[in-house]
Amino acid sequence: MAEKVESAPMLEEKKLKLSEPAAQEPEGNQAPAERSRFNLNRFSVKKILRESARDKIVFIHGKVGQDCGEAQDAVVILEKTPFCEETLPQLLNKDADLRLQMRNDIYSTHHLYPLPSFNEIKTTVVYPATEKHLKKYLKQEMYLINETADDYKTITSPYLQSQALSVQWVYNILEKKAEVERIIYENPDPQDGFLLIPDLKWNQKQVDDLYLIAICHRRGVKSLRDLTAEHLTMLQNILQEGQVAISKRYNTPQSQLRIYFHYQPSYYHLHIHFTALSYDAPGSMVERAHLLSSVIENLQTDPEYYQKRTLTFALKADDPLLQSFKEAGRV
Ligand code: GTA
């Protein structure tokens, strides 16, 4: 039986952490704010790749000037963060800078200028960004693919071997070279163990948009397609131990969690998404998300379920994998 390491502090302590403003604790963890090494002085906006007024998010392609040599590409993602119940009294206190915009009868609109610490813009930087990253974030028309088992062998698998995004960031986490202090839970068994960590997309300030990922220790399992009954123990560990760890740490019960794979994922080292059920997470739509509980049941029914089934997913217009499907006459 594997030794289980749990690095989560007590829930009450974590509740406090979740309520603290950004300036004091940018990572929702113990470390003091580290100044960014990404130099905005050298950054210039080149193009808006995608934006959403509803989600209050913008994906920007920029160039970063170099002392010598050509400027390098970067992607900067700016996202307004959800409100946090605990900090609302500080936003709406008597000293708040509230300015009238218009008034009509009992209706009025205002501009509220909060302190910078309550006005965080979550900023994600991919630098240097590759052409693949620029394409990943660019808004494009989508095409639905029905990938048969044979398509996977003859089209998708050869494409992945040559084109997939680097998973170096995953190995850094597994080898404790990055994000070590963010680990929520670990089952260190090399075959059936995994590591649970907050997703890049979550600032850990509020549980409304809770987002963690479980990354399996075992190497060489690329995606849902590779799963067989041989992986059932690992998947059950991830489901059960992941739920318990999240419940202890964030007080979020299993009935409030959406636990799923992406197919296709962007990164081909097996990982599972844990998001708050109330959060409309990117990638949780039916043509991409596969519930872990259903995957376990499918594998119990048929150990080779995912080697046989047709799997449906959407690809962007300029995705080279779509091109491969077109060349094979499958779209
Ligand atoms: N902890 O270094 C990392 C890291 N990286 C590089 C990726 N992830 C990381 N987590 C940690 N540290 O949920 C996370 C990603 C993602 C998961 C990989 O690993 O945030 P996937 O292989 O299925 O890939 O999952 P996926 O879902 O396509 O990737 P991603 O990046 O989430 O993109 C999907 C869509 O989400 C995008 O098209 C975009 O609409 C949206 N999105 C992407 N990034 C952000 C962001 N920073 N903020 C808000 N929305 C975003």
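Nothing here was measured: the structure is a model prediction, and the numbers come from that model. (Residues numbered from 1 in each chain as written. Predicted model: local features only at pLDDT ≥ 70, side-chain atom pairs only at ≥ 80, totals over all residues. Heavy atoms only, no water.)

K.L.:
How would you sum up the packing of helix α4 (residues 149-163) against helix α9 (residues 320-327)? Please name residues and give values.
P.N.:
For the pair α4 and α9, the least separation of the axes is 10 Å and the interaxial angle reads 145 degrees. Seen along the crossing, α4 lies across α9 with a hand that is right-handed. Contacts between α4 and α9 involve D151, I155, T156, Y159 and Q163 from the former and P320, L321, S324 and F325 from the latter. Looking at the contact of α4 with α9, its residues break down into 5 nonpolar, 3 polar and 1 charged. (Axes fitted to C-alpha atoms, helices over the stretch in contact; angles between N-to-C directions. Helix = DSSP H or I, 4+ residues; strand = E, 2+ residues; numbered from the N terminus. Left-handed = near helix turned anticlockwise from the far one by under 90°. Contact = heavy atoms within 4.5 Å. Nonpolar A, V, L, I, M, F, W, Y, C, P; charged D, E, K, R; others polar.)

K.L.:
Can you explain the site of the ligand? Please cite residues and give values.
P.N.:
As a structural note, the neighbourhood of the ligand is formed by 25 residues, with E179, D199, K201, H262 and S266 the closest of them. Expressed as a share of its isolated accessible area of 890 Å², the protein-covered part of the ligand is 91%. Where the shell around the ligand is concerned, the elements lending two or more residues are β3 (57-64), β4 (72-80), α3 (131-137), β11 (211-216) and β13 (271-276). Grouping the amino acids of the shell around the ligand by side-chain chemistry returns 12 nonpolar, 5 polar and 8 charged. (Near = heavy atom within 4 Å. Areas by Shrake-Rupley, 256 points an atom, 1.4 Å probe, with all protein chains shown as cover.)

K.L.:
Please provide a residue-by-residue account of the UniProt feature "active site" (unreviewed entry) in the protein chain, values included.
P.N.:
With numbering matched to this structure, UniProt assigns "active site" (unreviewed entry) to H271. Structurally, H271 can be placed in strand β13. Leave out the neighbours within four places in its chain, and H271 touches A214, I215, F261 and P265. Within polar-contact distance, the side chain of H271 engages the backbone oxygen of H269 at 2.8 Å. (UniProt positions renumbered as here; feature names shortened; annotations may be inferred. Polar contact = N/O pair within 3.5 Å; in protein donor to acceptor, adjacent residues only side chain to side chain.)

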